[in-house]
Amino acid sequence: MKKVLVLEDESSIRSFIVINLRRAGYDVIEAESGEEALERLKENPDTKVALLDIMLPGIDGFEVCRRIRATNTRIGIIMLTARSQEMDKVTGLMTGADDYVTKPFSPAELTARVDALLRRAGGESPPQTGEIHQPPFLLNTRNRTLEKNGVRIKLTQVEYSIMRYFMENPGKALSREEILDTVWGRDYFGELKIVDVNIRRLRLKIEDNVQNPIYITTVWGYGYKWGF
Ligand code: CA
């Protein structure tokens, strides 16, 4: 069963989301505060995707996201943002979210986003085997892990997918559109900017000096290149 957590303090919005996700075939668990969401996730470790509202009484959605990511890199996280919270989008992504949806959103848009994250979480793709070794990096495609100089680097599923795409295409300039299509899927609704936000975060994890990246280099006006 595809289990999804919905954290939203406004009951009318929460019901709207829950009803539509259930209609789409998801097993939905609900929480109206950040504390409750963390508790529900502990009881439901098989949850695949969490939808987190940002403005909440008590701890906010960003803090919930941080706390989830501290122990769980596999779960997909989508932030629910209000239209006026443009900056919140970026901040939310930097703390470990995979995606964001701006309110008001249609049920179709929401389920498309959740579906995309579930696909990426690997539940439906055939198991991959093997390793890609490009010193100092070692990508294990069986365990979906990355090591740099033998030290494990914790990646989200999105970051892993980007790394894999890069390492399968060393030295090749990849456009932001190609990265978006490959990692998020061709039917993804979102914006190209999400590629940049995730790559900025990936650089923080893998580069020796973020100010002067040497592994993921920018191809100006086009996209990015993996190569050194
Ligand atoms: Ca709220």
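For the structure itself, consult the block above.
Residues numbered from 1 in each chain as written. Predicted model: local features only at pLDDT ≥ 70, side-chain atom pairs only at ≥ 80, totals over all residues. Heavy atoms only, no water.

Engineer: Mind showing me how you'd approach the packing of helix H1 (residues 11-23) against helix H5 (residues 107-120) here?
Structural biologist: The description of two packed helices rests on the angle between their axes and on the distance between the axes. At a minimum axis distance of 10 Å, the contact between H1 and H5 shows a crossing angle of 65°. Pair H1 / H5 crosses with right-handed handedness. For the pair H1 and H5, the contacting residues are Phe16, Ile17, Asn20 and Leu21 in the first and Pro107, Leu110, Thr111 and Val114 in the second. Each residue belonging to the contact of H1 with H5 can be placed in one class, and the counts come to six nonpolar, two polar and no charged. (Axes fitted to C-alpha atoms, helices over the stretch in contact; angles between N-to-C directions. Helix = DSSP H or I, 4+ residues; strand = E, 2+ residues; numbered from the N terminus. Left-handed = near helix turned anticlockwise from the far one by under 90°. Contact = heavy atoms within 4.5 Å. Nonpolar A, V, L, I, M, F, W, Y, C, P; charged D, E, K, R; others polar.)

Engineer: I'm lost on H1 in this one. Help?
Structural biologist: With 13 residues, H1 ought to run about 18 Å at 1.5 Å a step, and its terminal C-alpha atoms sit 18 Å apart, in line with that. Within H1 the residues assigned to the buried category are Arg14, Ile17, Val18, Asn20 and Leu21. Among the residues trailing H1, Gly25 stands out with phi positive, at a value near 100°. (Expected span 1.5 Å × (residues − 1). Buried < 20%, exposed > 50% of the residue type's maximum accessible area, 1.4 Å probe, protein only.)

Engineer: Looking at this structure, how should I read the environment of Asp115?
Structural biologist: Tracing the sequence through the fold places Asp115 in helix H5. The sequence separation of Asp115 and Val49 amounts to 66 residues, and the corresponding C-alpha distance is 9.4 Å.

Engineer: How should I be thinking about the sheet that holds strand S10 (residues 173-175) in this particular structure?
Structural biologist: Picture the strands of a sheet paired through backbone hydrogen bonds; they go either parallel or antiparallel. Sheet architecture is open: three strands sit in the order S10-S12-S11, paired in antiparallel fashion. Of all the strands in the sheet, just S10 and strand S11 (216-219) have a single pairing partner and so form its edges. Taken pair by pair, the neighbouring strands of this sheet meet at an average axis angle of 35°, ignoring direction. One ladder, built from four bridges, connects S11 with strand S12 (residues 223-226); its direction is antiparallel. Paired with Ile216 across the strands is Trp226, a residue of S12. Packed on one face of the sheet, helix H7 (residues 176-184) meets S10 and S12 and runs near 75° to S10. (Pairing = 2+ DSSP bridges.)

Engineer: So what exactly am I meant to see when it comes to unusual backbone geometry here?
Structural biologist: Glycine aside, a negative phi is what most residues show, and trans is what most peptide bonds show. Cis rather than trans, the peptide bond between Lys103 and Pro104 has omega equal to -5°. Relative to the assigned elements, Pro104 resides in the loop between strand S5 (99-102) and H5. With an omega dihedral of 5°, the bond running from Pro135 to Pro136 counts as a cis peptide bond. Here Pro136 lies in the loop between strand S6 (131-134) and strand S7 (137-140). The phi dihedral of Arg144 falls on the positive side, at around 55°, and the residue is not glycine. Even without glycine at this site, Asn149 takes up a positive phi of about 50°. Mapped onto the elements of the fold, Asn149 is located in the loop between strand S8 (145-148) and strand S9 (151-153). Taking the relative accessible area as the measure of exposure, Asn149 reaches 59% and is therefore exposed.

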